[in-house]
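Take a look at the letters that make up each chain.
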Amino acid sequence: MNLKSNIKIYENALQASIEVAQHITSIIQKNESVGKPTVLGLATGNTPLLVYQELVRLYHEKQVSFQKVITFNLDEYYPMAPHHPQSYVAFMKKHLFDHIDIDWKNVHIPNGELITDDIPLFCKAYEDKIVAAGGLDFQLLGIGRTGHIGFNEPESSLESLTRLVDLNPITREDAIADFNGLNNVPKQAISMGVQTIYKAKEIMLLAFSEKKSDIIQKAIQEEVNPQVPASYLQKHPNITYILDNESASKLKKQLS
Ligand code: F6R
């Protein structure tokens, strides 16, 4: 099939994730060689799990160090206590941060415990910290069935910044298993905006399994459309779509 060169299709999620982890490692090493820190935008969810597993493996093999890495997570449920097992703080510790040499002061995850009045200032400070760190060198993304990136649900604007958002009913439905019932799934989240993500120097959007095939086709091949926030990324100068055979199964032949 003739597809744009920034669409990479792998046999399975493991092969894809190994390449993504190697790519992240090479960015860290390159920056390290010129004495620069690396600023990573990180995602949670099922999609990046094998990338984190491979990064931990590379760390244990002494192929990469995270001492000079600064991270900003895309989002956190709201309200959400960091010690709650479904918090994204708990997720990141369990799958990555507890197993590598990152300095906790370089880790940033939206605070799900704020009182509502304090959220706008927190979000502004989150944006400012990304800028002060030099901007995101690399943003790792999954995609929701609604087409969300981070928790930028349909109708999010390209200009949106870090803010409190309402979760789409489909997104909440997809989280039922994690929370033991819909009533326990938070209704809101604090999420980086589309613009925050778009400003990253490089983006990799990962999608695995047949469950993502419809939304991947729309996000990559249909007109840019606020109903599918991931479609904004078609215009990004340095985005790669990392797919497996299943998630790519509905892509149409396309001239590069
Ligand atoms: C996670 C995030 C979300 C997920 C998306 C896909 O931090 O911001 O956009 O990437 O919901 O979730 P999974 O990977 O569980 O299918």
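Residues numbered from 1 in each chain as written. Predicted model: local features only at pLDDT ≥ 70, side-chain atom pairs only at ≥ 80, totals over all residues. Heavy atoms only, no water.

With that out of the way, let us pick up the layout of surface pockets. Considering only enclosed or pocket space, the largest pocket measures out at about 880 Å³ in volume. As for the largest pocket, its lining consists of 42 residues, of which T44, G45, N46, Y88 and D178 are closest to the centre. Considering only residue class, the lining of the largest pocket consists of 20 nonpolar, 14 polar and 8 charged. Size it by volume and the second largest pocket reaches roughly 220 Å³. V89, H108, I109, P110 and N111 are the residues nearest the centre of the second largest pocket, which is lined by 15 residues in total. Looking at which element gives the most residues to the lining of the second largest pocket, the answer is helix α4 (residues 119-132), with 3 residues. Here the residues of the lining of the second largest pocket sort into 9 nonpolar, 3 polar and 3 charged. (1 Å grid on protein atoms, 1.4 Å probe; cavity = no way out; pocket = protein on both sides within 12 Å on 5 of 7 lines; lining within 4 Å. Points joined across faces, edges and corners; volume = space filled by probe spheres on them. Nonpolar A, V, L, I, M, F, W, Y, C, P; charged D, E, K, R; others polar. Helix = DSSP H or I, 4+ residues; strand = E, 2+ residues; numbered from the N terminus.)

Below, the discussion takes up the environment of Q217. Take Q217: it is sitting in helix α8 (residues 213-221). On the accessibility criterion, Q217 (8% relative accessible area) is buried. Spatially, the C-alpha atoms of Q217 and A248 are 7.5 Å apart, while their sequence positions differ by 31 residues. Excluding its chain neighbours within four sequence positions, the residues that come into contact with Q217 are E222, K250, L251 and K252. (Buried < 20%, exposed > 50% of the residue type's maximum accessible area, 1.4 Å probe, protein only. Contact = heavy atoms within 4.5 Å.)

Another aspect to go through is the sheet that holds strand β6 (residues 138-141). Strand order in the open sheet formed by 7 strands is β1-β10-β9-β6-β2-β3-β5, with parallel pairing between adjacent strands. In this open sheet, the two edge strands, each paired with only one partner strand, are β1 (7-10) and β5 (107-108). Where strand β9 (residues 203-207) meets strand β10 (residues 239-244), 5 bridges bridge the pair, whose relative direction is parallel. By the bridge assignment for β10, L205 is matched with Y241. Lying over the sheet, helix α1 (residues 13-33) contacts β1, β2 (38-42), β3 (69-73), β6, β9 and β10, oriented at roughly 150 degrees with respect to β2. (Pairing = 2+ DSSP bridges. Axes fitted to C-alpha atoms, helices over the stretch in contact; angles between N-to-C directions.)

In contact at an axis separation of 9 Å, helix α2 (residues 49-60) and helix α3 (residues 88-95) are set at 45 degrees when each is read in the N-to-C sense. In terms of orientation, α2 and α3 fall into the oblique class. Contacts between α2 and α3 involve L49, Y52 and V56 on the former and, on the latter, F91, M92 and H95. In terms of residue class, the contact of α2 with α3 is made up of 5 nonpolar, 1 polar and no charged. (Parallel < 35°, antiparallel > 145°, perpendicular 65-115°, else oblique.)

As a matter of local geometry, the ligand sits amid 13 residues, with T47, D75, H148, G150 and K212 nearest to it. Within the contact set of the ligand, an oxygen atom lies 2.8 Å away from a side-chain nitrogen or oxygen of T44. Between the ligand and H148 there is a distance of 2.6 Å, counted from an oxygen atom to a side-chain nitrogen or oxygen. Within the complex, 87% of the 410 Å² of free accessible area of the ligand lies under protein. Judged by its atoms lying within 2 Å of the grid points, the ligand is housed in the largest pocket. Here the shell around the ligand is composed, by residue class, of 3 nonpolar, 8 polar and 2 charged. (Near = heavy atom within 4 Å. Polar contact = N/O pair within 3.5 Å; in protein donor to acceptor, adjacent residues only side chain to side chain. Areas by Shrake-Rupley, 256 points an atom, 1.4 Å probe, with all protein chains shown as cover. Sits in = over half its atoms within 2 Å of the grid points.)

Applying the stated criterion across every chain yields a total of 9 salt bridges. The salt bridge partner of K105 is D103, with a shortest N-O separation of 3.2 Å. Judged by relative accessible area, which is 64%, K105 ranks as exposed. Residue classification places D103 among the partly exposed residues on the basis of a relative accessible area of 33%. (Salt bridge = Lys/Arg side-chain N within 4 Å of Asp/Glu carboxyl O.)

What is shown is where atoms sit, not what they do.
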